[in-house]
Amino acid sequence: MNGINQNLFSYFATTVAFAFFIVCPRMAAMTNILAKYSNLSIYWVVTWGTIVSLPFLVLTAWAMRQWGLMAGLAIAVVTDLLAAAILKPIHIKAAVETLIIALFVVTGARLASWVTAKFF
């Protein structure tokens with residue numbers, strides 16, 4: 001591939017890979033919980049939630065690049081706690097499920113870092 005084609009391929013591959021990361025089991029579970037307990041269309045939740053999330057995604061990525069994994073996880077935990085607090089008046093079960101999923105995410109991220117550090 002020449003330089004321009006390689007750059008276009010890199011942009012495309014990186015963008016598609018990021019899109020696949022966004023579509024993860026956690027996001028699917030949380031979207032389902034939000035739509036179910038708020039009686040909103042799941043498509044409405046996905047569309048508007050994605051738009052509102054963009055600044056938080058940028059902030060989290062920036063913090064991870066500046067200060068590492070724990071900084072990004074700290075922001076993720078804070079936003080999950082805020083989500084749980086916001087959901088509590090809608091449905092307490094949604095708030096508790098949000099907190100449980102957040103704990104699994106933090107634990108999984110730490111475990112992944114630990115395991116890869118041992119092998120790579």
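Only a predicted model underlies this, so the values are computations on that prediction, with no experimental measurement involved.

> Explanation requested: the nonpolar core in the structure shown.
Note that soluble globular proteins tend to have their nonpolar side chains buried in a common cluster. Met 30, Ile 33, Tyr 37, Ala 84, Leu 87, Ala 94, Ala 95 and Ile 101 together form the largest nonpolar core, which totals eight residues. Broken down by secondary-structure element, the contributors of at least two residues to this core are α2 (25-38), α4 (69-87) and α5 (92-119). Not counting chain neighbours up to four residues away, the residues in contact with Tyr 37 comprise Ile 90, His 91, Lys 93, Ala 94 and Glu 97.

> Is there a simple way to think about the layout of surface pockets in this case?
In this approach, a probe sized like a water molecule rolls over the atoms, and the result shows the empty space that is left. Its volume calculated, the largest pocket comes out at about 1800 Å³. Those elements that place two or more of their residues in the lining of the largest pocket are α1 (3-22), α2, α3 (42-67), α4 and α5. For the lining of the largest pocket, the element with the highest residue contribution is α3, accounting for 14 residues. Looking at the lining of the largest pocket residue by residue, the class counts come to 31 nonpolar, nine polar and two charged.

> What should I look at first to understand the packing of aromatic side chains in this one?
The description of an aromatic ring pair uses the distance of the two centres, along with the angle that the planes make with each other. Counted under the stated rule, the structure contains one aromatic pair. Taking the centre distance of 4.9 Å and the plane angle of 85° together, the rings of Trp 62 and Trp 67 count as edge-to-face. A relative accessible area of 59% places Trp 67 in the exposed class.

Rules behind the numbers
Residues numbered from 1 in each chain as written. Predicted model: local features only at pLDDT ≥ 70, side-chain atom pairs only at ≥ 80, totals over all residues. Heavy atoms only, no water. Core = buried A, V, L, I, M, F, W, Y, C linked by side-chain atoms within 4.5 Å. Buried < 20%, exposed > 50% of the residue type's maximum accessible area, 1.4 Å probe, protein only. Helix = DSSP H or I, 4+ residues; strand = E, 2+ residues; numbered from the N terminus. Contact = heavy atoms within 4.5 Å. 1 Å grid on protein atoms, 1.4 Å probe; cavity = no way out; pocket = protein on both sides within 12 Å on 5 of 7 lines; lining within 4 Å. Points joined across faces, edges and corners; volume = space filled by probe spheres on them. Nonpolar A, V, L, I, M, F, W, Y, C, P; charged D, E, K, R; others polar. Phe/Tyr/Trp six-rings, centres within 6.5 Å; stacked < 30°, edge-to-face > 60°.

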